[in-house]
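If you want the building blocks of each chain, they are given just below.
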Amino acid sequence: MDPSNRPLSPHLQVYRPQLTSMLSILHRLTGVFLTAGLLLLSYWLVSAAAGQSWYDCAQWFLTSWLGYALLLGFSYALFFHLCNGIRHLFWDLGLGFELRCAYVSGWLVVLASLGLTGLSWALGLLFGLGVW
Amino acid sequence: MSIKTPAKRVHGLGSAKEGVHHWWMQRLTALLLVPLTIWFVASLWYLFRASRAELIDWLSGPISCTLMILLILAGFYHAKLGMQVVIEDYVHSRLWHTWLQVKVTLGCAVLATACIVSVLKLALGG
């Protein structure tokens with residue numbers, strides 16, 4: 001019997017978008033995006049080890065507008081994946097499966113990831129400008 | 001050609017002997033990455049504008065060097081496990097599937113090694 005001829009359960013497009021499903025998809029997307037972020041981390045570390053001129057080149061790129069935009073994207077993806085990952089770890093312990101709880105924790109993840117991104121950039125710019 | 005269903009064919013053969021290893025390693029690395037990423041982001045506040053000499057000075061400390069290598073190991077392992085599942089779920093062509101799995105697995109191994117060598121080179125002498 002060919003498995004591909006069997007009836008399939010309805011797929012994504014027939015369902016109304018909900019917070020829970022959107023966060024689930026975003027968790028995957030940010031995970032894949034952060035894997036690309038590891039390429040940038042590798043580039044930065046290898047450049048630093050390669051010598052001064054390579055490091056200067058990497059720093060020039062990272063402090064350019066494109067570099068800042070990438071870092072902003074990676075920092076939000078990191079905080080989202082971190083917060084939602086902690087939510088997943090609670091689920092692994094069997095906690096927080098009630099519908100209401102899943103929505104409350106979902107909104108908490110949205111707020112916390114945005115808040116942490118804002119906070120880390122505010123502190124980062126403060127430190128970077130030598131204000132501290 | 002057999003008319004047996006796939007379920008019938010595997011019935012009684014036992015498990016694939018891998019059990020929950022993938023699931024478990026994904027959770028362990030996730031747990032490790034929670035404090036490590038918070039520490040790394042906090043370090044970036046200092047490192048972002050740091051000169052190469054300051055970076056070398058920072059990595060020469062045993063704690064930051066150890067945590068940095070742990071972050072690299074756990075980060076790349078976690079990324080490999082996650083990407084593996086994404087490819088399993090969405091790439092159905094056998095050739096592409098195998099090609100991407102090989103690329104992700106070897107890519108993570110090569111980059112993680114390059115990162116660790118770089119960290120050690122900086123930490124042990126610039």
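Above this note sits the structure.
Thresholds applied
Residues numbered from 1 in each chain as written. Chains lettered and ligands numbered in written order. Predicted model: local features only at pLDDT ≥ 70, side-chain atom pairs only at ≥ 80, totals over all residues. Heavy atoms only, no water. Helix = DSSP H or I, 4+ residues; strand = E, 2+ residues; numbered from the N terminus. Buried < 20%, exposed > 50% of the residue type's maximum accessible area, 1.4 Å probe, protein only. Contact = heavy atoms within 4.5 Å. Areas by Shrake-Rupley, 256 points an atom, 1.4 Å probe, with all protein chains shown as cover. Lys, Arg positive; Asp, Glu negative; His and termini not counted. Charge placed at Lys NZ, Arg CZ, Asp CG, Glu CD. Expected span 1.5 Å × (residues − 1). Core = buried A, V, L, I, M, F, W, Y, C linked by side-chain atoms within 4.5 Å. Buried area = accessible area lost by both parts, 1.4 Å probe. Salt bridge = Lys/Arg side-chain N within 4 Å of Asp/Glu carboxyl O. Polar contact = N/O pair within 3.5 Å; in protein donor to acceptor, adjacent residues only side chain to side chain. Nonpolar A, V, L, I, M, F, W, Y, C, P; charged D, E, K, R; others polar.

A. Broad picture of the overall build of chain A. When helices and strands are tallied, chain A shows four helices and zero strands. Moving toward the C terminus, one meets the helices and strands of chain A in the order α-α-α-α. Structurally, chain A occupies a C-alpha span of about 60 × 40 × 25 Å along its principal axes. Buried residues in chain A amount to 36% of all 132 residues. Of the contacts made within chain A by residues no fewer than 6 positions apart, 69% connect residues no fewer than 24 positions apart. A total accessible area of about 8300 Å² is found for chain A, and carbon and sulfur atoms account for 75% of it. Chain A carries 5 positive and 4 negative side-chain charges, and their two centres are separated by 13 Å.

B. Just helix 1 (residues 19-50) of chain A, in detail. Between its first and last C-alpha, helix 1 of chain A extends 45 Å over 32 residues, near the 46 Å set by a 1.5 Å rise per residue. Following helix 1 of chain A by one or two positions, Gly51(A) adopts a phi angle in the positive range, close to 140°.

C. Layout of the environment of Leu72(A). Examined against the element boundaries, Leu72(A) turns out to sit in helix 3 (residues 65-92). When the C-alpha positions of Leu72(A) and Thr117(A) are compared, they lie 8.0 Å apart, and in sequence the two are 45 residues distant.

D. Looking closely at the nonpolar core. Trp44(A), Leu45(A), Leu55(B), Leu59(B), Met68(B), Ile72(B) and Val119(B) are the most contacted members of the largest nonpolar core, which totals 39 residues. Among the secondary structure elements, those contributing two or more residues to this core are helix 1 and helix 2 (52-62) of chain A together with helix 2 (21-47), helix 3 (52-60), helix 4 (62-90) and helix 5 (94-123) of chain B. Per-element accounting of this core gives the leading share, 10 residues, to helix 4 of chain B. With residues near it in sequence (within four places) discarded, Val119(B) still touches Leu45(A), Leu59(B), Cys65(B), Met68(B), Ile69(B) and Ile72(B). Judged by nonpolar contacts, the second largest core, of six residues, contains Leu19(A), Leu23(A), Val109(A) and Val110(A).

E. Layout of the interface of chain A and chain B. Contacts between chain A and chain B engage 35 residues on the former and 40 residues on the latter. Surface buried jointly by chain A and chain B totals about 3200 Å² across both partners, of which 73% is contributed by carbon and sulfur atoms. For the pair chain A and chain B, the interface holds two salt bridges. A salt bridge links Arg28(A) to Asp89(B); its shortest N-O distance comes to 2.8 Å. Counting across the interface, chain A meets chain B through seven residue pairs in polar contact (both at pLDDT 80 or more). Classifying every residue of the side of chain A that touches chain B by side-chain character gives 22 nonpolar, 10 polar and three charged.

F. Focus on the pattern of salt bridges. Tallying each qualifying case throughout the model produces two salt bridges over all chains. Between Asp92(A) and Arg27(B) there is a salt bridge whose closest N-O contact spans 2.8 Å. Residue Asp92(A) is found in helix 3, and its partner Arg27(B) is found in helix 2; the two belong to separate chains.

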